[in-house]
Amino acid sequence: MSSASAPKVFVSRRVPEKAKALITSQCNAILWEKDEPPPRDEYLKIISGIDGLFCLLTDKIDAELLDAAGPNLRVVSTMSVGYDHVDVKECAKRNIAVGYTPGILTKATAELTVALLLATTRRLKEGIRAVENGEWGTWKPMWLCGQGLDGATVGVVGLGRIGYTVAQCLNPFGVARFLYTGYRRPDAEEELKAEFADLDKLYSESDFVIACCALTPETAGMFNADAFKKMKKTAVFVNSSRGGVVNQDDLFVALESGEIGAAGLDVTIPEPLPTDSPLLGLNNCVVLPHIGSATHDTREAMAVLAAQNLIAGLKGDKMPSQIDD
Amino acid sequence: MSELPKLPKVYAAISMPLEGMNRLRKLCQVTVHEGNQDPTRQEFLDGARGMDALIVCPKTMTVDKELLDTAGSQLKVIVTHSVGLDHIDIDLCKERGVKVGHTPDVLTTATAEQGVALLMATARRIQECIRAVKDGVWGTVWDNAMWLAGKEIAGSVIGIVGLGRIGLAIAKRLAAFDVSKILYTGRNLRPESADPIGAEFVTFDQLLEQSDFVVVACSVNDSNKGLFDEAAFKKMKNTAILVNISRGVVVDQDALYNALKSGEIGAAGLDVTTPEPLPTSSPLLTLPNCLVTPHIATCTVTTRNAMCELIVDNILAGLEGRSLKTPAFLY
């Protein structure tokens, strides 16, 4: 639909058909059709005069961008649950409604977190490599031995939707104890006998430390040299939240020196992680390209929800999933 | 523990954790295979000659007539570093009065964990993901939000071939992911295992047709060698994922290659192959949707130590004429 009265929106990446159809049926849509993300300067030009923006977490939605869009912009809809890339205060000042996609990506992201934990602790990267380069064939009793979950203490930093689901999935693996920090969850304490603990206790007693917290000014860089020092030497650290909660240089040092056992990261700084990052040279570090929500069903559902958020916001209705500030 | 008349001779065809073996070394004359590679057949035979006890594992260490003849009639006990016994001629050992032990139960958890690790790594395309990061592909492909999109376990149908100890342990772990159904198949119904988790017994064909994830966890015997052949892959869904942690011989590897290449099935994760090690030239290793790990199912520190303890217990029992802690068969 491209009548003059239909709201003008920019969709900053190609999205699944279902979502695209929803948007184009209701809006005058400018669609970015390339595989590479729109370069910043082009982005700022394209959005001039738009009413609504459909964006991804790779787009920085700050005052500069909002200025470039102009006063008509009243809806920002991000296809993600994290919104650390959106200056929500600035949006609120300008009466811009912000939509996001919580809930529907919980399962896919929790599953990926578990997959990453298992791949890291059971040394699958080294195993796959050993098969490919002919290392398989040597027998040492502790060759490629990892740390199992059976009898382990698992510490979840941030027991939100994703963290809780991760803990539920890990439970039948024989986990002896769950520790957690962040907000109190009586339901988790009941169902999983999870124990609320301060960070120091979680770090010093956990065999697995899983970061499932949102990136906020409080959590930025929290996993630093200090934190890694407090963790066990055999600890497996898993981050599927945001790269920004980790001090990456400190992590490299901790992994290389044996301060902690291993790390699995689905998120880094920056993203993509440059191919010469020292983390990629470590046997005990697994890095995935931010695929937490990457399943067909979930990505389609996220795109559709983000489209619905966009359309509702443009109509002046409450979005299905709106960020309240 | 009774006194042993003279130092019995034990040959370990695989190297074992040092600490665990100390207990054995105090009471026996222990020879351990040296070197980085598995013993060749000849090295194994030479090592076994004149021994009272052997520690073996599935791979080159087949226990057959040739091995038993070479070892000699003084051989009292063989213990395998595995739960599987397909590399051992059990009937012949029985006939010759050689006790056979293995390591069930202590390795169930680690193996089930590896089975799930492999299933999830295959479902979420971990191998392709790691490569994409390393090769700098990350950030260059978007694919309409579908780049490297994988398969969800939630809502899927799991099919377990062989609901034994390990199969059941895998089913219990996957059940927590909110799967839609757990199916199983095998020679016998196992209500004690299946009922508590709501697993449903079906025929092999039904399991193939209905499952999104097919997990092979059965023990191997003459009836299931090559069970996963061209016909089986045809019956599976085009999006199905096969996971094999049982023995390589259950899968027809050529048929698997064709099925993966043509899209007859979605992907495969294998911890066991034919042969082991899999040659680096194997065509399976050229496929992005085939993930192979080097038989590391029991590779956790606690499990390996527990297996060692159990092996030593069995060896000492066998040497002293007592019944084994975990015998492969009862006399």
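See the structure above.
Residues numbered from 1 in each chain as written. Chains lettered and ligands numbered in written order. Predicted model: local features only at pLDDT ≥ 70, side-chain atom pairs only at ≥ 80, totals over all residues. Heavy atoms only, no water.

Report on the overall build of chain B, specifying residues and quantitative values.
Counting secondary structure elements, chain B contains 12 helices and 12 strands. In terms of overall size, chain B behaves like a compact globule, its C-alpha atoms giving a radius of gyration of 22 Å where 331 residues would be expected to give roughly 20 Å. Judged by the C-alpha coordinates and their principal axes, chain B covers about 75 × 45 × 35 Å. When the 331 residues of chain B are sorted by exposure, 58% land in the buried category. Looking at chain B alone, contacts between residues at least 24 apart form 64% of all its contacts between residues at least 6 apart. (Helix = DSSP H or I, 4+ residues; strand = E, 2+ residues; numbered from the N terminus. Rg over C-alpha atoms; globule rule 2.2 N^0.38 Å. Buried < 20%, exposed > 50% of the residue type's maximum accessible area, 1.4 Å probe, protein only. Contact = heavy atoms within 4.5 Å.)

I'd love a proper account of the overall build of chain A, names of residues and values included.
Counting secondary structure elements, chain A contains 12 helices and 12 strands. Taking 2.2 N^0.38 as the reference for a compact globule, 325 residues should give roughly 20 Å; the C-alpha atoms of chain A span a radius of gyration of 22 Å, in line with that estimate. Across its three principal axes, chain A shows a C-alpha extent of roughly 70 × 50 × 35 Å. Residue burial in chain A is summarised as follows: out of 325 residues, 58% are buried.

Can you explain the interface of chain B and chain A? Please cite residues and give values.
Listed as interface residues are 68 residues of chain B and, on the opposing side, 64 residues of chain A. Three residues, B:Arg124, B:Trp138 and B:Trp142, lead the burial of chain B against chain A; their summed loss comes to 14% of the area buried on that side. Remark: the boundary between chain B and chain A carries three salt bridges. Taking the shortest distance from any N to any O, the salt bridge between B:Arg131 and A:Glu132 comes out at 2.4 Å. At the junction of chain B with chain A, the criterion picks out 21 residue pairs in polar contact (both at pLDDT 80 or more). The set of elements that each furnish at least two residues to the side of chain B that touches chain A consists of helix H5 (108–123), helix H6 (126–134), helix H7 (165–175), strand S12 (290–292) and helix H12 (301–319) of chain B. With eight residues, the top contributor of residues to the side of chain B that touches chain A is H5(B). (Buried area = accessible area lost by both parts, 1.4 Å probe. Salt bridge = Lys/Arg side-chain N within 4 Å of Asp/Glu carboxyl O. Polar contact = N/O pair within 3.5 Å; in protein donor to acceptor, adjacent residues only side chain to side chain.)

Go over the environment of B:Arg125 with me, naming the residues and quoting the values.
Residue and element names in this part refer to chain B. Here Arg125 shows up in the loop between H5 and H6. Separated by 108 residues in the primary sequence, Arg125 and Pro17 have C-alpha atoms spaced 34 Å apart. Apart from residues no more than four positions distant in its own chain, Arg125 is found in contact with Leu148, Ala149 and Gly150.

Describe the packing of aromatic side chains, naming the residues involved and giving the relevant values.
Counted by the stated rule, this structure contains nine aromatic pairs over all chains. Relative to A:Tyr100, the ring of A:Tyr83 lies with its centre 5.5 Å away and its plane at 90 degrees, an arrangement referred to as edge-to-face. In this pair, A:Tyr83 sits in the loop between strand S4 (75–78) and helix H4 (88–93) while A:Tyr100 sits in the loop between strand S5 (97–99) and helix H5 (106–121), placing the two residues 17 residues apart along the sequence. For A:Tyr83, a relative accessible area of 33% translates into the label partly exposed. Across from the ring centre of B:Phe213, 5.6 Å away, lies the NZ or CZ of B:Lys151, which sits over that ring. (Phe/Tyr/Trp six-rings, centres within 6.5 Å; stacked < 30°, edge-to-face > 60°. Lys NZ or Arg CZ within 6 Å of the ring centre and 35° of its normal.)

Tell me about the sheet that holds strand S9 (residues 208–211) of chain A, residues and numbers included.
Neighbouring strands of a sheet are bound in pairs by backbone hydrogen bonds; such pairs are parallel or else antiparallel. Residues and elements named next belong to chain A. Spatial strand order, S8-S7-S6-S9-S10-S11-S12: seven strands in an open sheet with parallel pairing. One side of each edge strand has no neighbouring strand; the edge strands of this open sheet are strand S8 (195–196) and strand S12 (285–287). Pairing of strand S11 (residues 262–265) with S12, which is carried by three bridges, proceeds in the parallel orientation. Bridge pairing links Leu265 to Val287 in S12. (Pairing = 2+ DSSP bridges.)

Can you explain the pairing of strand S4 (residues 77–80) of chain B? Please cite residues and give values.
Residues and elements named next belong to chain B. Neither face of S4 is left uncovered, since the one carrying Val77 and Val79 and the one carrying Ile78 and Thr80 both have all their residues buried. With four bridges joining them, strand S3 (residues 53–56) and S4 adopt parallel strand pairing. Residue pairing for S4: Val56 is matched across the bridge by Thr80. The pairing of S4 with strand S5 (residues 99–101) spans three bridges and is classified as parallel. What sits directly across from Val77, in S5, is Lys99. Handedness of the S4-helix H4 (residues 90–95)-S5 crossover: right-handed. (Right-handed = clockwise from strand over helix to strand, strands pointing away.)

Outline the environment of A:Gly313, listing residues and values.
All names here are of chain A. Among the structural elements, Gly313 can be located in helix H12 (residues 296–315). Gly313 gets classed as buried once you look at its relative accessible area, which sits at 11%. For Gly313 and Asp51, which are 262 residues apart along the polypeptide, the C-alpha to C-alpha distance reads 9.9 Å. Residues within four places of Gly313 in sequence aside, it is in contact with Val75 and Met319.

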